[in-house]
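# What the coordinates show
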Amino acid sequence: VRWRTDAYEPAPQAAAAADAALERLAARGSPSHDSMAARLSRARARDDRLELELQPVRWALRLVDGAAAESLFIHCLVRSPEGDWLAGRRAPWLAVLPGAWHLGAAGAVDAGDDPIATMRQELDEEWGLGGALLRLAAVLLEPSRRTVLLGVADVAGTAEPRPNDEHDAWAWWPADTGLWPDDAPTDMRLTATLAATLAPLPT
């Protein structure tokens, strides 16, 4: 990972939309502070490594659909030895996607931080699984213009998730995405299908 020293300058309309999104969050009592996070400026894959060039960017830009400026966040799926996926329902007080089900752990990368260290930290903070075996699966660009660094954590059969207050419910969803709840979003099913192509690491 290499960090650029110059911060990303958004278009004035995007900056104004981010300010408005923060005001809406504050009005409903959700966390509404802004900070400097990571933007993926460039990525290059080699045979044995992934090289990322990151740039400081306003965190709030990720709240603006279509103008997120390639803001980087990590998403780490958690897989059991049986191939099941750990799913959690986001608490209603959260700023992003309150009440929605999601897989594993996710979060923003703060300016200057290492994305893999952030991934382990989020696994530990959200589920108490920071020691799981971890690997990268993909770099994805969402329609909103957010960039996702996708990882998979294989946990031992004795591992017991300890959800924090960001979740108000959790479950192990089957390896077969066709058996998931009917309201599970299509993008979640596609992400799990992609991640499932990685053979489990020995635990």
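Refer to the preceding data block for the structure.
Scope of this entry: the structure provided in the associated data block. (Residues numbered from 1 in each chain as written. Predicted model: local features only at pLDDT ≥ 70, side-chain atom pairs only at ≥ 80, totals over all residues. Heavy atoms only, no water.)

## What to know about the overall build of the protein
Counting its secondary structure elements, the protein contains 3 helices and 10 strands. In sequence order, the secondary structure elements of the protein are arranged as β-α-β-β-β-β-β-β-α-β-β-β-α. Expected size for 203 residues packed as a compact globule is a radius of gyration near 17 Å; at 17 Å, the protein falls within 12% of this value. For the protein, the C-alpha atoms occupy an extent of roughly 50 × 45 × 25 Å along the three principal directions. Sequence-distant contacts in the protein: of pairs separated by 6 or more residues, those separated by 24 or more amount to 66%. Carbon and sulfur atoms make up 52% of the accessible area of the protein, which totals about 10200 Å². For the protein, the distance from the average site of its 20 positive side-chain charges to the average site of its 30 negative ones is 5 Å. (Helix = DSSP H or I, 4+ residues; strand = E, 2+ residues; numbered from the N terminus. Rg over C-alpha atoms; globule rule 2.2 N^0.38 Å. Contact = heavy atoms within 4.5 Å. Areas by Shrake-Rupley, 256 points an atom, 1.4 Å probe, with all protein chains shown as cover. Lys, Arg positive; Asp, Glu negative; His and termini not counted. Charge placed at Lys NZ, Arg CZ, Asp CG, Glu CD.)

## Points about the pairing of strand β8 (residues 133-141)
Across 8 bridges, the pairing between β8 and strand β9 (residues 146-154) is antiparallel. Across the sheet, residue Ala138 finds its bridge partner in β9, namely Leu150. The hairpin turn running from β8 into β9, its antiparallel successor, is 4 residues long, and Arg145 in that turn takes a positive phi close to 80°. (Pairing = 2+ DSSP bridges.)

## Looking at helix α2 (residues 115-127)
The end-to-end C-alpha distance of α2 is 18 Å, a good match for the 18 Å that 13 residues give at a rise of 1.5 Å each. Residues Pro115, Thr118, Met119, Glu122, Leu123, Glu126 and Trp127 constitute the buried set of α2. Down the axis of α2, the buried side of the element spans an arc of 140°, and every buried residue falls inside it. Phi turns positive, to about 70°, at Gly128, one or two residues after α2. (Expected span 1.5 Å × (residues − 1). Buried < 20%, exposed > 50% of the residue type's maximum accessible area, 1.4 Å probe, protein only. Arc of directions from axis to C-beta.)

## A closer look at helix α1 (residues 12-27)
Taking 1.5 Å as the rise per residue, α1 with 16 residues should run 22 Å; its terminal C-alpha atoms sit 23 Å apart, in good agreement. In the core, the buried residues of α1 are packed alongside β3 (50-58). Two residues or fewer past α1, Gly29 is found with a positive phi of approximately 80°.

## With respect to the side chain of Arg58
Mapped onto the elements, Arg58 comes out in strand β3. Side-chain polar atoms of Arg58 contact the side chain of Asp34, separated by 2.6 Å. Leave out the neighbours within four places in its chain, and Arg58 touches Ala15, Ala18, Asp19, Leu22, Asp34, Ser35, Met36 and Ser71. (Polar contact = N/O pair within 3.5 Å; in protein donor to acceptor, adjacent residues only side chain to side chain.)

## Let's talk about a nonpolar patch on the surface
Taken together, the side chains of Leu50, Ile116, Leu136 and Val139 define a hydrophobic patch exposed on the protein surface, amounting to about 250 Å² of accessible area. The topology assignment puts Val139 in strand β8. (Patch = residues over 30% accessible without salt bridge, like charges linked within 9 Å, V, L, I, M, F, W, Y side chains within 5 Å. Salt bridge = Lys/Arg side-chain N within 4 Å of Asp/Glu carboxyl O.)

## Observations regarding the pattern of salt bridges
Within the structure shown, the criterion is met by 14 salt bridges. Notably, a salt bridge pairs Asp19 with Arg58, separated by 2.9 Å at the nearest N-O pair. One end of the pair, Asp19, is in helix α1; the other, Arg58, is in strand β3, with 39 residues separating them in the sequence. Here Asp19 falls in the partly exposed class, since its relative accessible area comes to 36%. In this structure, Arg49 engages Glu51 in a salt bridge whose closest nitrogen and oxygen atoms are separated by 3.4 Å. On the basis of relative accessible area, Arg49 is assigned to the partly exposed category, the value being 48%. Salt bridges here are not isolated pairs; linked through shared partners, they connect Arg2, Arg4, Asp6 and Glu53.

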